[in-house]
Amino acid sequence: GTATGVYNDKGGDDDIALIGDDDVLFVSDGESCADDQNEPMITEPLTGGQTDWLTLNVGGRYFTTTRSTLVSKEPDSMLSHMFSDRDAWGNKRDHRGAFLIDRSPEYFEPILNYLRHGQLIVNDGVNLLGVLEEAKFFGIDSVIEHLELAIKNSQPAEDHSPISRKEFIRFLLATPTKSELRCQGLNFSGADLSRLDLRYINFKMANLSNCNLTQANLCGSCLERADLSGSVLDGANLQGVKMLCSNAEGASLKGCNFEDPSGLKANLEGANLKGVDMEGSQMTGINLRVATLKNAKLKNCNLRGATLAGTDLENCDLSGCDLQEANLRGSNVKGAIFEEMLTPLHMSQSVR
């Protein structure tokens, strides 16, 4: 007949991978050597020593291995302590005499195979995190680092590539006009976002460096702590914009409108505007408190009622600016140019 099964001398269906050199095997042509109704008791051989075969019942699945496999590779592990001294832990056994271990067999199998041959092999579809937890539970320290590295390598790399105009327009068209589009922390570096309707979008901490935002409508948008360095925002609508602590160093904001007819003031408090060109921009009531405008060009700007308290205006070109009722208390105007004023300069304190 044709052999369909291999059995060991205890009647158990033997796994080929577990056959030892001295094992006695029985070949069957279909019927089990043992009566399935009367499962044989699993008894350890009478010969002592560290190579005794034993069977584990892990979460309902049986694993047959040797005591030396469990003990010798990781002598300090919990598994080693459980089986190095016979019944020192009072290990519970099931009705067949197998040692009961209440853990997941799926995650235990790669650990047992590692103890057998020293190679960590995890089949596809088995969660590495589960195997890692098993290694930690049983104290198999030598495999923990390998697993942590494998988990790290299996995760997809974070995508830091910038979002293109095409991609962003797709987002805009798919979003209802009344809902705020959350773009917090996203990377738009170098993107062409010119002439787009970007009202009320949350760009907080986003990377908008070297972007083309010419004539974009950013009315009411949040650009707090955003990176706008080197960007071009000429002719943009910035009514009521929030740009607290944003970095717009070297950006171009010529002819921008910051004035909100509803009275909402644009807030650029603490912003880095070093070397910015804001020539001809409308900034009535703008808040530039403690902002840095060093070497900035603010020629012919409307800064009526602007808050410039504590602002760094060193070497700033303010020629032709309307600074009526502007608050320059404590500002640094060293080297600033105030010629060609359109109206008399009003300050709450003399400029020092």
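Source: prediction; values computed, not measured. (Residues numbered from 1 in each chain as written. Predicted model: local features only at pLDDT ≥ 70, side-chain atom pairs only at ≥ 80, totals over all residues. Heavy atoms only, no water.)

1. Focus: the overall build of the protein chain
Piece 1. Helix and strand counts for the protein chain stand at 6 helices and 5 strands.
Piece 2. Along the protein chain, from the amino end to the carboxyl end, the secondary structure elements read β-β-β-β-α-α-β-α-α-α-α.
Piece 3. When each of the 352 residues of the protein chain is scored for burial, the buried share is 42%.
Piece 4. Restricting the contact set of the protein chain to residue pairs at least 6 apart, pairs at least 24 apart contribute 28%.
Piece 5. Just so you have it, the protein chain exposes about 18,900 Å², and 48% of that area is on carbon and sulfur atoms. (Helix = DSSP H or I, 4+ residues; strand = E, 2+ residues; numbered from the N terminus. Buried < 20%, exposed > 50% of the residue type's maximum accessible area, 1.4 Å probe, protein only. Contact = heavy atoms within 4.5 Å. Areas by Shrake-Rupley, 256 points an atom, 1.4 Å probe, with all protein chains shown as cover.)

2. Some details on the pattern of salt bridges
Piece 1. Within this structure, the stated rule accounts for 6 salt bridges.
Piece 2. Residues Arg 61 and Glu 109 are paired through a salt bridge, measuring 3.0 Å at the closest nitrogen-oxygen approach. Residue Arg 61 is found in strand E4 (residues 61-66), and its partner Glu 109 is found in helix H3 (residues 105-117); the two are separated by 48 residues along the sequence.
Piece 3. Of the charged contacts in the structure, one is a salt bridge between Asp 322 and Arg 304, with a shortest N-O distance of 2.4 Å. With a gap of 18 residues between them, Asp 322 in the segment after helix H6 (165-174) and Arg 304 in the segment after H6 connect regions that are remote in the sequence. (Salt bridge = Lys/Arg side-chain N within 4 Å of Asp/Glu carboxyl O.)

3. Quick look at unusual backbone geometry
Piece 1. The backbone of Cys 245 sits at a positive phi, close to 55°, despite the residue not being glycine.
Piece 2. At Asn 315, a residue that is not glycine, the phi angle is positive and equals roughly 55°.
Piece 3. Following the sequence through the fold, Asn 315 ends up in the segment after H6.

4. Side note on the packing of aromatic side chains
Piece 1. For the structure on display, the rule yields 7 aromatic pairs.
Piece 2. Ring geometry for Phe 168 and Phe 188: centres 5.0 Å apart, planes at 75°, overall edge-to-face. Taken together, the positions of Phe 168 in helix H6 and Phe 188 in the segment after H6 put the pair 20 residues apart, joining distant regions of the chain. The pair Phe 168 / Phe 188 is uniform in exposure class, with both members buried.
Piece 3. Taking the centre distance of 5.6 Å and the plane angle of 80° together, the rings of Phe 188 and Phe 203 count as edge-to-face. Remark: Phe 203 occurs in the segment after H6 and Phe 188 occurs in the segment after H6; sequence separation between them is 15 residues. (Phe/Tyr/Trp six-rings, centres within 6.5 Å; stacked < 30°, edge-to-face > 60°.)

5. What to know about the nonpolar core
Piece 1. Ranked by internal contacts, the top residues of the largest apolar core, which has 57 residues, are Phe 168, Phe 188, Phe 203, Phe 258, Leu 298 and Leu 303.
Piece 2. Setting aside residues up to four positions removed in sequence, Leu 303 forms contacts with Met 283, Ile 286, Leu 288, Leu 298, Leu 318, Cys 321, Asp 322, Leu 323, Gln 324 and Ala 326.
Piece 3. Ranked by size, the runner-up nonpolar core spans 26 residues in total, among them Phe 83, Phe 99, Ile 144 and Ile 151. (Core = buried A, V, L, I, M, F, W, Y, C linked by side-chain atoms within 4.5 Å.)

6. Brief notes about the layout of surface pockets
Piece 1. For the second largest pocket, the calculated volume is near 330 Å³.
Piece 2. Forming the walls of the second largest pocket are 16 residues, and the residues nearest its centre are Leu 172, Pro 176, Thr 177, Asp 197 and Arg 199.
Piece 3. In terms of residue class, the lining of the second largest pocket is made up of 9 nonpolar, 3 polar and 4 charged. (1 Å grid on protein atoms, 1.4 Å probe; cavity = no way out; pocket = protein on both sides within 12 Å on 5 of 7 lines; lining within 4 Å. Points joined across faces, edges and corners; volume = space filled by probe spheres on them. Nonpolar A, V, L, I, M, F, W, Y, C, P; charged D, E, K, R; others polar.)

7. Regarding the sheet that holds strand E3 (residues 53-58)
Piece 1. In spatial order, the strands read E4-E3-E5; together these 3 strands make up an open sheet with mixed pairing. The open sheet is flanked by E4 and strand E5 (99-101), the only strands paired with a single partner. Geometrically, the sheet is characterised by an average inter-axis angle of 30° between neighbouring strands, direction not taken into account.
Piece 2. Both E3 and E5 contribute to a ladder of 3 bridges, which runs parallel. Paired with Leu 56 across the bridge in E5 is Phe 99.
Piece 3. Contacting E3 and E4, H3 runs over the sheet at an angle of about 10° to E4. (Pairing = 2+ DSSP bridges. Axes fitted to C-alpha atoms, helices over the stretch in contact; angles between N-to-C directions.)

8. Considering the pairing of E4
Piece 1. Note: E3 against E4, 6 bridges, orientation antiparallel. In the sheet register, Asn 57 faces E4, and the bridge partner there is Tyr 62.
Piece 2. Where E3 folds back onto E4 in an antiparallel hairpin, the turn is made up of 2 residues, including Gly 59, whose phi is positive at roughly 55°.

9. Quick word on the packing of H3 against helix H4 (residues 128-138)
Each pair of packed helices gets described by two things: the angle between the helix axes and the distance between those axes.
Piece 1. One way to put it is that H3 packs onto H4 with a least axis distance of 8 Å and a crossing angle of 65°. When the axes of H3 and H4 are compared, the pair comes out roughly perpendicular. The chirality of how H3 crosses H4 is right-handed. Residues Tyr 107, Phe 108, Pro 110 and Ile 111 of H3 pack against Gly 130, Val 131, Glu 134, Ala 135 and Phe 138 of H4.
Piece 2. The residue makeup of the contact of H3 with H4, split by class, is 7 nonpolar, 1 polar and 1 charged. (Parallel < 35°, antiparallel > 145°, perpendicular 65-115°, else oblique. Left-handed = near helix turned anticlockwise from the far one by under 90°.)

10. What about H4?
Piece 1. Among all positions in H4, only Gly 130, Val 131, Leu 132, Glu 134, Ala 135 and Phe 138 are buried.
Piece 2. Following H4 by one or two positions, Gly 139 adopts a phi angle in the positive range, close to 70°.

11. Re the environment of Ala 336
Piece 1. Within the secondary structure, Ala 336 sits in the segment after H6.
Piece 2. For Ala 336, a relative accessible area of 18% corresponds to the buried category.
Piece 3. C-alpha separation for the pair Ala 336 and Lys 294, spaced 42 residues apart in sequence, amounts to 9.0 Å.
Piece 4. The contacts of Ala 336, once residues within four sequence positions are left out, are Leu 313, Asn 315, Cys 316 and Leu 318.

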